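Next come the chains, spelled out residue by residue.
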Amino acid sequence: MLLPTSPSTPAREPITGVATATTPRDGRTGGAPVWSVPSAIVESLAPRGLHFGVPAGAPWVNCAELTTQAGVAESLARVAAANPGASAEVAASYLANWYSAAVAGPAIASYVLLRRVPDLTPAQVALSVPDSGWFDRTALYRPVATALANDPLAAGLAPATPGLAPTPGLAPTPGLAPTPGLGATPGLAPTPGLGATPGLGAPATLAGATGQLGAAGVPTAPPGGGIRVVETATELRAVLVEEILAHLDPFLRHLRSMVRLGRPALWGAAAAQCARAFLLTERATGDPMTGRDEADAFFALAAPTMLARPRWQEFVHRGRTYIGMRRGSCCLAHRLDAEYCTTCPFTGDADREQRMRTWIDTQGDGGLAV
């Protein structure tokens, strides 16, 4: 089990197990190695699965396809067919929640537990899409795209420098302020003598980097791979926010154009799944406060794009402190089966807490309120 020692110098579990690259369903040929997923991340994400590297064959679908208007429409139709009786709005709410969880969950777990952020560019992510419509596994082609300067994977790489231009064509995220002094080092060549990290294949370098900045002043990842380096956990968090918002924005915009749900409802679904992912890291850390505090800092940066963020509900059950949440927007599940979820904003605090207590007891040892 991984126990982070501090926000700035966390413990890190090795990523090991290089395998040959494979080909996803969309026909793209991958050249990246397949890495085994650290057990702390697996524990945090269960029952959803995670794959590091480029996966092979069906039912994997690249997110560059899933985030197009046609891809969103296909996913919505699949969810509606798998849930007879669901209105278009209920199906869209389910889809917004499931897709957000599949994309944001692995990135948040990696950030909290390993202090590393993957590349969430849609073309660098794939989801397993079974007929049920539930995205049950996520594949990160580049599971470590941004790391702290003290990370072993960043050995020999220079942190960013300020004063560089934004990436052409990349619109800034509304409300997300630039991180002061955060840029990328232009033209940084490979560090002589930098060997491969055991189990990771080729060493990470910034060869050929453009030195440009994306939205929020976050340095863009070097073309063709490599690792971008930041000095502090605050800067790394800004990268996490930028990656998640940039990936989810086109998906939710297309979904909104198809159903009668507004931005607060759809981004509220994304916010709820981000909050849940932060709280689920307690499975690995054993500390219910770590995920909550990280989530608060995350939402402070993600506002106002990520609307209707949840609020926390802390209580003691069987002598142990738990942190649950009240969603900022309703998931609409009660419209389908007349049952309110444990995080429903339409139930009172006392009723919601009792539902959480019941849910904890159904999970056995290690059960959480989310």
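Keep in mind that what you see is a predicted model, and the values were worked out from it rather than measured.

A closer look at the overall build of the protein chain
Phase 1 of the analysis: Summing up its helical and strand segments, the protein chain has 10 helices and 9 strands in all.
Phase 2 of the analysis: The burial tally for the protein chain puts 53% of its 370 residues in the buried class.
Phase 3 of the analysis: Of the roughly 14500 Å² of accessible surface on the protein chain, 58% is carried by carbon and sulfur atoms.

A short note on the packing of aromatic side chains
For any pair of aromatic rings, the description consists of the separation of the ring centres together with the inter-plane angle of the planes.
Phase 1 of the analysis: If you walk through the whole model with that rule in mind, you get 7 aromatic pairs.
Phase 2 of the analysis: Their ring planes at 5° and their centres at 3.8 Å tell us that Y99 and F251 sit as a pair that is stacked. Taken together, the residues Y99 in helix α4 (residues 88-114) and F251 in helix α5 (residues 233-256) connect sequence positions 152 residues apart.
Phase 3 of the analysis: Judged by its relative accessible area of 0%, Y99 falls in the buried class.
Phase 4 of the analysis: We classify F251 as buried; its relative accessible area is 1%.
Phase 5 of the analysis: With a centroid separation of 6.0 Å and 20° between ring planes, the pair formed by F315 and Y322 is classed as stacked. For the pair F315 and Y322, one class covers both residues: buried.
Phase 6 of the analysis: Pairwise contacts between aromatic rings join Y94, W98 and W134 into one cluster.
Phase 7 of the analysis: Positioned above the aromatic ring of Y111, the side-chain terminus of R115 is 4.6 Å from the ring centre.

A word on the nonpolar core
Phase 1 of the analysis: Counting 83 residues, the largest nonpolar core has I244, F298 and M306 as its most contacted members.
Phase 2 of the analysis: Per element, the largest residue contribution to this core is 18 residues, and it comes from α4.
Phase 3 of the analysis: Ignoring anything within four residues of it in the chain, the contact list for M306 reads I244, L245, W267, A270, A271, C274, F298 and F299.

Digging into α4
Phase 1 of the analysis: Compared with an ideal rise of 1.5 Å per residue, which puts 27 residues at 39 Å, α4 spans 38 Å between its outermost C-alpha atoms and is within 8% of the ideal.
Phase 2 of the analysis: Of all the 27 residues making up α4, 26 are buried; the element is thus mostly covered by neighbouring parts of the structure.
Phase 3 of the analysis: Directly after α4, the chain includes R115, whose backbone phi takes a positive value near 55°.

Notes on unusual backbone geometry
Phase 1 of the analysis: For the bond running from A46 to P47, omega is 10°, close enough to zero to count as cis.
Phase 2 of the analysis: Within the secondary structure, P47 sits in the loop between α1 (39-45) and β1 (49-52).
Phase 3 of the analysis: Between A58 and P59 the backbone carries a cis peptide bond, its omega angle lying at 5°.
Phase 4 of the analysis: Within the secondary structure, P59 is located in the loop between β1 and β2 (60-62).
Phase 5 of the analysis: Positive phi is not limited to glycine here, since R115 has a value of about 55°.
Phase 6 of the analysis: Among the structural elements, R115 can be located in the loop between α4 and β3 (116-117).
Phase 7 of the analysis: In this structure, R318 is a non-glycine residue whose phi angle is positive, near 55°.
Phase 8 of the analysis: Relative to the helices and strands, R318 is located in the loop between β8 (311-317) and β9 (320-326).
Phase 9 of the analysis: The exposure class assigned to R318 is exposed, which follows from its relative accessible area of 69%.

Some remarks on the packing of helix α3 (residues 69-82) against α5
Phase 1 of the analysis: Packing of α3 against α5 brings their axes to within 9 Å, and their N-to-C directions diverge by 65°. When the axis of α3 is compared with that of α5, the two are roughly perpendicular. Our pair here, α3 against α5, has a crossing hand that is right-handed. For the pair α3 and α5, contact is made by Q69, V72 and L76 and by F251, H254 and L255, respectively.
Phase 2 of the analysis: When grouped by side-chain class, the residues that make up the contact of α3 with α5 number 4 nonpolar, 2 polar and no charged.

Some details on the sheet that holds β3
Phase 1 of the analysis: With mixed pairing, the 3 strands of this open sheet are ordered in space as β3-β6-β7. At either end of the open sheet lies a strand with only one pairing partner, and these are β3 and β7 (228-230).
Phase 2 of the analysis: Alignment of β3 against strand β6 (residues 146-148), held across 2 bridges, turns out to be antiparallel. By the bridge assignment for β6, V117 is matched with T146.

Thoughts on the pattern of salt bridges
Phase 1 of the analysis: If you walk through the whole model with that rule in mind, you get 17 salt bridges.
Phase 2 of the analysis: Residues D151 and R116 are paired through a salt bridge, measuring 2.7 Å at the closest nitrogen-oxygen approach. In this pair, D151 is assigned in the loop between β6 and β7 and R116 in strand β3, connecting sequence segments 35 residues apart. We note that D151, like R116, is buried.
Phase 3 of the analysis: Each of the salt bridges in this network shares a partner with another, and the network as a whole consists of R115, R237 and E294.

Overview of the confidence of the model for the protein chain
Phase 1 of the analysis: On average, the protein chain scores 75 in pLDDT, and the residues at 70 or more come to 68%.
Phase 2 of the analysis: Across the protein chain, the element-wise mean pLDDT spans from 59 in helix α9 (residues 334-337) up to 98 in helix α2 (residues 63-66).
Phase 3 of the analysis: Segment residues 16-33: pLDDT under 50, and 50 contacts once partners within four positions in sequence are set aside and those in other chains are kept.
Phase 4 of the analysis: Below pLDDT 50 for its whole length, residues 161-224 participates in 131 contacts with residues either more than four positions away or in separate chains.

What counts, and at which threshold
- Residues numbered from 1 in each chain as written.
- Predicted model: local features only at pLDDT ≥ 70, side-chain atom pairs only at ≥ 80, totals over all residues.
- Heavy atoms only, no water.
- Helix = DSSP H or I, 4+ residues; strand = E, 2+ residues; numbered from the N terminus.
- Buried < 20%, exposed > 50% of the residue type's maximum accessible area, 1.4 Å probe, protein only.
- Areas by Shrake-Rupley, 256 points an atom, 1.4 Å probe, with all protein chains shown as cover.
- Phe/Tyr/Trp six-rings, centres within 6.5 Å; stacked < 30°, edge-to-face > 60°.
- Lys NZ or Arg CZ within 6 Å of the ring centre and 35° of its normal.
- Core = buried A, V, L, I, M, F, W, Y, C linked by side-chain atoms within 4.5 Å.
- Contact = heavy atoms within 4.5 Å.
- Expected span 1.5 Å × (residues − 1).
- Axes fitted to C-alpha atoms, helices over the stretch in contact; angles between N-to-C directions.
- Parallel < 35°, antiparallel > 145°, perpendicular 65-115°, else oblique.
- Left-handed = near helix turned anticlockwise from the far one by under 90°.
- Nonpolar A, V, L, I, M, F, W, Y, C, P; charged D, E, K, R; others polar.
- Pairing = 2+ DSSP bridges.
- Salt bridge = Lys/Arg side-chain N within 4 Å of Asp/Glu carboxyl O.
- pLDDT = per-residue confidence, 0-100.

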